[in-house]
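Structure assessment
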Amino acid sequence: MGSIAMPKPDDAVIARRQEIVKALRAIVPGEGVIDAEEEMRVYETDALTAYRQLPLVVVLPDTVEQVAAVLRYCHENEVKVVPRGAGTSLSGGALPAADGVLLSMMKFNRVLEIDYPNRAVVVQPGVTNLGITRAVEGDGFYYAPDPSSQIACSIGGNIAENSGGVHSLKYGLTTNNVLGLEMVLMTGEVIRIGGKHLDSEGYDFLALMTGSEGLLGVVTEVTVRILQKPETARAALIGFPSSEECGQCVADIIGAGIIPGGMEMMDKPAIHAAEDFVHAGYPRDVEALLIVELDGPEAEVDFLLSRIEEIARANKASTIRVSHSEEERMTYWAGRKAAFPAVGRISPDYLCMDGTIPRKALPRVLAGMRELGQKHGLRVANVFHAGDGNLHPLILYDANNPGELAAAEAFGADILLLCVEVGGVLTGEHGVGIEKRDLMGAMFTEDDLKQQQRVKCAFDEKQLLNPGKVFPVLHRCAELGRMHVSKGKLPFPDIPRF
Ligand SMILES: Cc1cc2nc3c(=O)[nH]c(=O)nc-3n(C[C@H](O)[C@H](O)[C@H](O)COP(=O)(O)OP(=O)(O)OC[C@H]3O[C@@H](n4cnc5c(N)ncnc54)[C@H](O)[C@@H]3O)c2cc1C
């Protein structure tokens, strides 16, 4: 197990387990409630597999009324709830609580409406990210945010994490592509935000909910914007003798006013791992590789590609290859898309980090990472959304070697602190979850954090939704703003602080 502590489970709630299970069965009949240990095992972790915890009970509702009734019951009976989509979170966002209900939304798997005149699709939250594109691609449309996990992850999870992907540089993250939501609050109240229109009056609750990591409500319906497929898309593979030159090329492309459909960078260990795995034709003699994709009308794509070639040459690119067929373009991407599993072949375990930096800080951060690797005695492979400055260092370790997981976690924390130090942020798209929870103090002041927690309290006063995630210290809502430690005496000593 990793080193991050979760709130101490409430024994009184665990003692009421039979009564809670019975009440939930009355709300969600049949196979919708799972309480057998062996059947709950599949829910004990998400993609942050170093952390595992069996939930109190698993509930799989399939109507909004059931979700509302489950939340209302849990609110009235002070039972915690952890919402879950497909369980691909890399930050431990869906890690269960021993004294909480694990609320799986995967039975909400229907596409409800396709509305081409409004360029919108209405889906239930358990529909996969790729499932939305699949539903409309026959008519020439697609849903732009494309996490590498898109075949598995749910759109509800994407909303909660504000997920992004290769195409987010040009087309935005989830928050830029969501038009409306239906959510159930912890009290069981059902609310609707936005719709098929572009903007709504009042506070921007849609933006507040997107990225709220399952702490404010449970998403039961999502309306997303869809786009028409571009006329053409071509990709370039550009190799460099150093990461510095590659990083400078990225900055120069954006500085020249060109926003590619995607611009991804890989360092030498990642290039070799990917090439060995999928044979994408990546050059092995380079230190850094850039994959740049241009999409749009053919003439525009051709013109911009020639500009990018000029910029790459000026930055001492040693290899420049441009795709001449759809098959070739897909081959270029195959290595990048398979980079995570490819790295999994060269190391028994890895931690995938996620931080964002200003683009110009890239050479400094890459050099800093090399030094930190030496300090912690571990290797790192880098794949990242270079255009957005969103890094995904993969820290290689072996959990069977005593102390290596702890060293990997310490290395990861140091990388994220470096990102903050150069003016960046702790996360780009994977969320804070438990993984980065205890680093929030490096980025926010105590007042900032309290302000954020007041928003949480406005939606979930009893703090029952997804406890132990995002906030390093759990203040009681009534206590917020009145925290004062005098002569070492902590007020409200009964409040869990972890
Ligand atoms: C191999 C791999 C590659 C990945 N690549 C990317 C990538 O390129 N870009 C990226 O952004 N992410 C990536 N991820 C991370 C992950 O896929 C995303 O964070 C995704 O959005 C999680 O969706 P999920 O359905 O699996 O959610 P889960 O893991 O089940 O849950 C994630 C969070 O969402 C909350 N949640 C889930 N459903 C709901 C709901 N209906 N209502 C309220 N809260 C809810 C949970 O409580 C939790 O906090 C990757 C993960 C893996 C394993």
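Here the structure is a predicted model, which means the values were calculated and not measured.

1. Quick notes on the sheet that holds strand 2 (residues 57–59)
Spatial ordering of the open sheet is given by 1-2-4-3, a layout of four strands whose pairing is mixed. Strand pairing shows two members of the sheet lacking a second neighbour, strand 1 (33–34) and strand 3 (80–84), which therefore form its edges. Each of strand 1 and strand 2 touches helix 2 (residues 17–27); the most contacted strand, strand 2, lies at about 10° to it.

2. Things to note about the UniProt feature "domain: FAD-binding PCMH-type" (unreviewed entry) in the protein
Sites flagged by UniProt as "domain: FAD-binding PCMH-type" (unreviewed entry) map to residues 51–229. Counted over residues 51–229, helix gives 21% and strand 26%. Its end C-alpha atoms are 40 Å apart.

3. Notes on the site of the ligand
The ligand sits among 36 residues. The nearest are Gly-85, Gly-93, Gly-156, Gly-157 and Gly-214. Counting residues per element, the ones that place at least two in the shell around the ligand are strand 3, helix 6 (155–161) and strand 10 (218–225). Here the residues of the shell around the ligand are counted per class, giving 14 nonpolar, 17 polar and five charged. Both domains that meet at the shell around the ligand, namely domain 1 (11–104) and domain 2 (111–228), each give it at least three residues.

4. So, the sheet that holds strand 6 (residues 120–123)
The strand order across the open sheet formed by five strands is 5-6-10-8-9, and the pairing between neighbours is antiparallel. Of all the strands in the sheet, just strand 5 (111–115) and strand 9 (190–194) have a single pairing partner and so form its edges. With strand direction ignored, the average angle separating the axes of adjacent strands in the sheet is 10°. By the bridge criterion, four bridges tie strand 5 to strand 6 in an arrangement that is antiparallel. Pairing of Val-111 across the sheet is with Val-123, part of strand 6. Packing of helix 5 (residues 129–136) onto the sheet brings it into contact with strand 5, strand 6 and strand 10, and relative to strand 6 it is tilted by some 130°.

5. Observations regarding the nonpolar core
Val-59, Val-101, Leu-289, Leu-290 and Ile-395 are the most contacted members of the largest nonpolar core, which totals 127 residues. Those residues within four positions of Val-101 in sequence are excluded, and the remaining contacts are Pro-55, Leu-56, Val-57, Val-59, Val-70, Cys-74, Val-79 and Val-81.

Here is what the cut-offs are and how they apply
Residues numbered from 1 in each chain as written. Predicted model: local features only at pLDDT ≥ 70, side-chain atom pairs only at ≥ 80, totals over all residues. Pairing = 2+ DSSP bridges. Helix = DSSP H or I, 4+ residues; strand = E, 2+ residues; numbered from the N terminus. Contact = placed C-beta atoms within 7 Å. Axes fitted to C-alpha atoms, helices over the stretch in contact; angles between N-to-C directions. UniProt positions renumbered as here; feature names shortened; annotations may be inferred. Near = placed C-beta within 6 Å. Nonpolar A, V, L, I, M, F, W, Y, C, P; charged D, E, K, R; others polar. Domains from an automatic or database assignment. Core = buried A, V, L, I, M, F, W, Y, C linked by C-beta atoms within 7 Å. Buried ≥ 20, exposed ≤ 12 C-beta atoms within 10 Å, placed from the backbone.

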